[in-house]
Amino acid sequence: MCRDAVTRAYRALVADGVPHRHAVEAAAVIHHWHHPDTPLRESLDVVETWVMPPTLH
């Protein structure tokens, strides 16, 4: 449920023209709301891993 809310918010913001960094920060606030014991910095890291495509080498 949390991951769905986070990724849905990120995608909607990006689709509306919000820059990637701002969309990640907003999605991290949602993650942090679902997991208040998680530091915001960690929420940002989690969101980055959820919304960024995997890197292929």
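Numbers given to residues run from 1 along each chain, matching the order in which its sequence is written. Thresholds applied to this predicted model are a pLDDT of at least 70 for local features of residues and 80 or more for the giving and counting of side-chain atom pairs; totals over whole chains, interfaces and linings are not thresholded and use all residues. Hydrogens and waters are ignored; side-chain quantities use all the structure's heavy atoms.

The next subject is the nonpolar core. One broad trend across soluble globular proteins is that nonpolar side chains are buried collectively. With ten residues, the main nonpolar core is built from Cys2, Val6, Tyr10, Ala23, Val24, Ala27, Ala28, Leu44, Val47 and Val51. Of all elements in the fold, only α1 (2-15), α2 (20-34) and α3 (40-51) reach the threshold of two or more residues within this core. Here this core gets four residues from one element, more than from any other, and that element is α2. When sequence neighbours within four positions are dropped, the list of residues in contact with Leu44 reads Arg21, Val24, Glu25 and Ala28. To form a nonpolar core, buried Ala, Val, Leu, Ile, Met, Phe, Trp, Tyr and Cys residues must be joined to one another through side-chain atoms within 4.5 Å. Here's how the labels work: a residue is buried when its accessible area is under 20% of the maximum for its type, exposed when over 50%, partly exposed in between, all with a 1.4 Å probe on protein chains only. What counts as a helix is a DSSP run of H or I of at least four residues, what counts as a strand is a run of E of at least two, and both are numbered from the N terminus. Contact definition: two residues touch when any of their heavy atoms are within 4.5 Å.

To continue, consider the pattern of salt bridges. What makes a salt bridge here is a side-chain nitrogen of Lys or Arg within 4 Å of a carboxyl oxygen of Asp or Glu, nothing more. Evaluated as defined, the whole model comprises three salt bridges. Among the ionic pairs, Glu48 bridges to Arg21, the shortest N-O distance being 2.7 Å. Residue Glu48 is located in helix α3, and its partner Arg21 is located in helix α2; the two are separated by 27 residues in the primary sequence. Its relative accessible area of 34% is what places Arg21 among the partly exposed residues.

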